[in-house]
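Now for the letters of each chain:
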Amino acid sequence: MSNQEKYVHSLKQIKEGEEKAWAEVQNFKKKVTEDIKSFQIDADKAIEATKTQGEKLVESSIDQARKKAEIEVEKIIEEANTKSKTISTQMDEQSVSGILDILLKGVE
C-alpha cells in the first residue's frame with residue numbers, strides 16, 4: 001500500500017470514527033431528552049397527586065374542626081340551659097321572698 005493509500009485509509013477511519021461518535025452523541029442526546037420528558041411527566045403527576053392529597057387533608061381537618069366545634073357548642077348550650085333553669089328557679093325564690101317581705105311590711 002502506498003503512502004497516499006495509507007493516508008486515504010487513515011482519513012476514512014477518522015471519518016468513520018467521527019460519524020460513529022456523532023451517532024453516539026445524538027443517541028445519548030435523544031435518550032437524555034426522553035428521560036427529561038419522562039421526569040417532567042412523573043413530576044407533574046406527583047405534584048397533582050400531592051395537591052389532591054393536600055386538599056383532602058385540608059377538607060378532613062376542616063370537617064374534624066367543624067365536628068369538634070359543634071360538640072363544644074352543644075355542651076355550651078346544654079350548660080347554658082342548665083344554668084338558666086337554676087338561675088330562673090333562684091330568681092323565682094328570691095322574687096317570692098322579696099314580694100313576701102314587701103307584703104309583710106305593708107301589713108305592719
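Above: the structure in question.
Remember, it's a predicted structure, so these values are computed and weren't measured experimentally. Within each chain, residue numbers correspond to sequence positions counted from 1 in written order. Since the coordinates come from a predicted model, pLDDT governs what is reported: local features require at least 70, and pairs of side-chain atoms require 80 or more to be given and counted, while whole-chain, interface and lining totals use all residues. Side-chain calculation: all heavy atoms of the structure are included, whereas hydrogens and water are not.

*Asks:* Sorry, what's going on with the overall build of the protein here?
*Replies:* The secondary structure listing takes helices from DSSP runs of H or I that are at least 4 residues long and strands from runs of E that are at least 2 residues long, numbered from the N terminus. The helix and strand inventory of the protein stands at one helix and zero strands. Accessible area is worked out with a 1.4 Å probe on protein chains only. A residue is then buried under 20% of its type maximum, exposed over 50%, and partly exposed in between. The buried share among the 108 residues of the protein stands at 0%. Element-wise, carbon and sulfur atoms account for 60% of the exposed surface of the protein, whose accessible area totals about 10,200 Å². Values of accessible area rely on a 1.4 Å probe in the Shrake-Rupley scheme; residue burial ignores everything except the protein chains shown.

*Asks:* Just checking my understanding: could you explain a nonpolar patch on the surface for this structure?
*Replies:* What makes a patch is a set of residues exposed beyond 30% relative accessible area and free of salt bridges, joined within 9 Å when like-charged and within 5 Å when nonpolar (Val, Leu, Ile, Met, Phe, Trp, Tyr). Whenever a carboxyl oxygen of Asp or Glu lies within 4 Å of a side-chain nitrogen of Lys or Arg, that contact is scored as a salt bridge. Judged by side-chain polarity, Tyr 7, Val 8, Leu 11 and Ile 14 come together as a nonpolar surface patch covering roughly 390 Å² of accessible area. Among the secondary structure elements, Tyr 7 is positioned in helix 1 (residues 3-107). According to the relative accessible area criterion, Tyr 7 is exposed, its value standing at 54%.

*Asks:* Mind showing me how you'd approach the pattern of salt bridges here?
*Replies:* Pairing between side chains becomes possible if they bear opposite charge and their charged atoms approach one another. With the rule as written, the count across this model stands at three salt bridges. Here Lys 31 makes a salt bridge to Asp 35, at a shortest N to O gap of 3.0 Å. Taken together, the residues Lys 31 and Asp 35, both in helix 1 and four residues apart, mark about one turn of the helix. On the basis of relative accessibility, which here comes to 40%, the residue Asp 35 falls in the partly exposed class. We note a salt bridge from Lys 67 to Asp 63, for which the minimum N-O separation is 3.5 Å. Of this pair, Lys 67 and Asp 63 both sit in helix 1, separated by four residues, roughly a single helical turn. Take Lys 67: its relative accessible area is 48%, and that puts it in the partly exposed class.

*Asks:* Honestly, a negative patch on the surface in this entry has me stumped. Any pointers?
*Replies:* Taken together, the side chains of Asp 44, Glu 48, Glu 55 and Glu 59 present a region of like negative charge at the surface. Position of Glu 55 relative to the elements: it lies in helix 1. A relative accessible area of 41% means that Glu 55 is categorised as partly exposed. The sign given to each residue is positive for Lys and Arg and negative for Asp and Glu; His and the chain ends receive no count. Where a charge lies is defined by one atom per residue type: Lys uses NZ, Arg uses CZ, Asp uses CG and Glu uses CD.

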